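# Topology and contacts: notes
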Amino acid sequence: MPAAKLWIIPGSHPCLAVAKALEMKGIEFTTVDLLPVMHKPVMKVRFGQGTVPGLELEGERIVGSRRIMARLDSLVPEPRLYPEDPDARAQVEAAEAWGDEVLQAAVRRVLWPTFKAHPEAMATYRAGSKLPAIPVPVLKAIAPVVTRVEMRMNDASDAGYAADLRTLPEMLDRVDAWIADGTLGGEQPNAADLQIVPSVRLLMTLGDLRPLIEPRPCGQLAMRLFPDFPGDAP
């Protein structure tokens, strides 16, 4: 199979999910690293949608982490991202959808107001990327525009920040329950693990939240699957 090309924003949780899936499937890939906000027109032209991740593989262009992972399972059946048993598959798909539609959105609504308050932290989330380094003074200068646009796109607000933080324990309880019943946290990660756990690990890059999350089952799973994760913010 020829090498794939993965279009990403460095530090993006769904992008890291797909990168992990490609590694599990043994598919070689290179990345095209994009900047937040500026990724929209690039992805729109290349994939017809303004979101990441996007995957180019064997002449196909696929956008969106759930669509990509489903396609990877059809191309390379083992190791499986979705169980063969219909009931188990339905559980994994339900958890995967929640991770994509609910948890990821909540994490973005917490992350972008944090960047608004601490723009210097944005540089740490690009560790290991191919993008040229942006000096911290420049980051601070462009942060008001970037964070305002991203907060608008992700329905984040200063007013809703505290409310979003208050919902996190309930969300983490749900993840812990899925670990307890075996939907998540198996020996071999499935699509739901890959959709949910990077979001938990991203929350752990926020200094005030990591001590609250790391002792939990979801925090331990996040450290097992994604021990090295870019980002460090107050």
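Before reading on, note that the structure itself is shown above.
Once that is clear, we can look at the nonpolar core. Counting 70 residues, the largest nonpolar core has Leu55, Leu72, Leu81, Leu194, Ile196, Val200 and Ile213 as its most contacted members. A total of 10 residues in this core trace back to one element, the largest contributor, which is helix H4 (residues 86-117). When neighbours within four sequence positions are excluded, Ile213 is seen to be in contact with Leu172, Val200, Leu203, Met204, Cys218 and Gly219.

Within a sheet, adjacent strands bond to each other through the backbone by hydrogen bonds, running parallel or antiparallel. Reading across the sheet, the four strands line up as S2-S1-S3-S4 and stay open at both edges, with mixed pairing between neighbours. Edge positions in the sheet fall to strand S2 (29-33) and strand S4 (60-63), since each of these pairs with one other strand and no more. The sheet shows a mean angle of 20 degrees between the axes of neighbouring strands, direction not considered. With five bridges connecting them, strand S1 (residues 4-8) and S2 associate as parallel partners. In the strand pairing of S2, Lys5 is matched with Thr30. On top of the sheet, helix H1 (residues 13-25) reaches S1, S2 and strand S3 (54-57); it is set at about 165 degrees to S1, its chief contact.

Before going further, it helps to spend a moment on the environment of His13. Within the secondary structure, His13 is located in helix H1. Counting along the chain gives 216 residues from His13 to Phe229, while the straight-line C-alpha distance between them is 9.8 Å. Those residues in contact with His13 that sit more than four places away from it in its chain are Gln104, Val107, Arg108, Pro198, Ser199 and Leu202.

Here we take up the environment of Gln49. Residue position: Gln49 is located in the loop between helix H2 (39-47) and S3. The class for Gln49 is partly exposed, based on a relative accessible area of 39%. It is 27 Å that separates the C-alpha atoms of Gln49 and Thr124, two residues lying 75 residues apart in sequence. Those residues within four positions of Gln49 in sequence are excluded, and the remaining contacts are Met43, Lys44, Val63 and Arg67.

Let us now look at the pattern of salt bridges. One pass over the full model with this rule turns up 12 salt bridges. For Arg46, the salt bridge is made with Glu56, and the minimal N-O distance between the two is 2.6 Å. Taken together, the residues Arg46 in helix H2 and Glu56 in strand S3 connect sequence positions 10 residues apart. Close ionic contact of Glu214 with Arg210 constitutes a salt bridge, the shortest N to O distance being 3.2 Å. Judged by its relative accessible area of 32%, Glu214 falls in the partly exposed class. Relative accessible area serves as the criterion here: at 27%, Arg210 is assigned to the partly exposed category.

The alternating pattern of S3 places Gly54 and Glu56 and Leu55 and Leu57 on opposite faces, both of which are buried. Pairing of S1 with S3, which is carried by three bridges, proceeds in the antiparallel orientation. The partner of Lys5 across the bridge, within S3, is Glu56. Here S3 runs beside S4; their pairing, made up of four bridges, is antiparallel. Residue Leu57 lies in a different strand from S4, and its bridge partner there is Glu60.

Two measures describe an aromatic ring pair: the distance that separates the ring centres and the angle between the ring planes. Enumeration according to the criterion identifies five aromatic pairs in this entry. Centre to centre, the rings of Trp98 and Trp178 are 5.3 Å apart; their planes meet at 70 degrees, and the pair counts as edge-to-face. One end of the pair, Trp98, is in helix H4; the other, Trp178, is in helix H6 (residues 158-180), with 80 residues separating them in the sequence. Taken as a pair, Trp98 and Trp178 share a single burial class, namely buried. Between the aromatic rings of Phe226 and Phe229, the centroid separation amounts to 6.5 Å while the plane-to-plane angle is 80 degrees, which identifies the pairing as edge-to-face. Phe226 sits in the buried class, given a relative accessible area of 6%. Taking the relative accessible area as the measure of exposure, Phe229 reaches 11% and is therefore buried. Cluster of aromatic residues (ring-pair linked, three or more members): Trp112, Phe115 and Tyr125. Lying across the ring of Phe226, Lys20 places its NZ or CZ 5.5 Å from the centre.

Conventions adopted
- Residues numbered from 1 in each chain as written.
- Predicted model: local features only at pLDDT ≥ 70, side-chain atom pairs only at ≥ 80, totals over all residues.
- Heavy atoms only, no water.
- Core = buried A, V, L, I, M, F, W, Y, C linked by side-chain atoms within 4.5 Å.
- Buried < 20%, exposed > 50% of the residue type's maximum accessible area, 1.4 Å probe, protein only.
- Helix = DSSP H or I, 4+ residues; strand = E, 2+ residues; numbered from the N terminus.
- Contact = heavy atoms within 4.5 Å.
- Pairing = 2+ DSSP bridges.
- Axes fitted to C-alpha atoms, helices over the stretch in contact; angles between N-to-C directions.
- Salt bridge = Lys/Arg side-chain N within 4 Å of Asp/Glu carboxyl O.
- Phe/Tyr/Trp six-rings, centres within 6.5 Å; stacked < 30°, edge-to-face > 60°.
- Lys NZ or Arg CZ within 6 Å of the ring centre and 35° of its normal.

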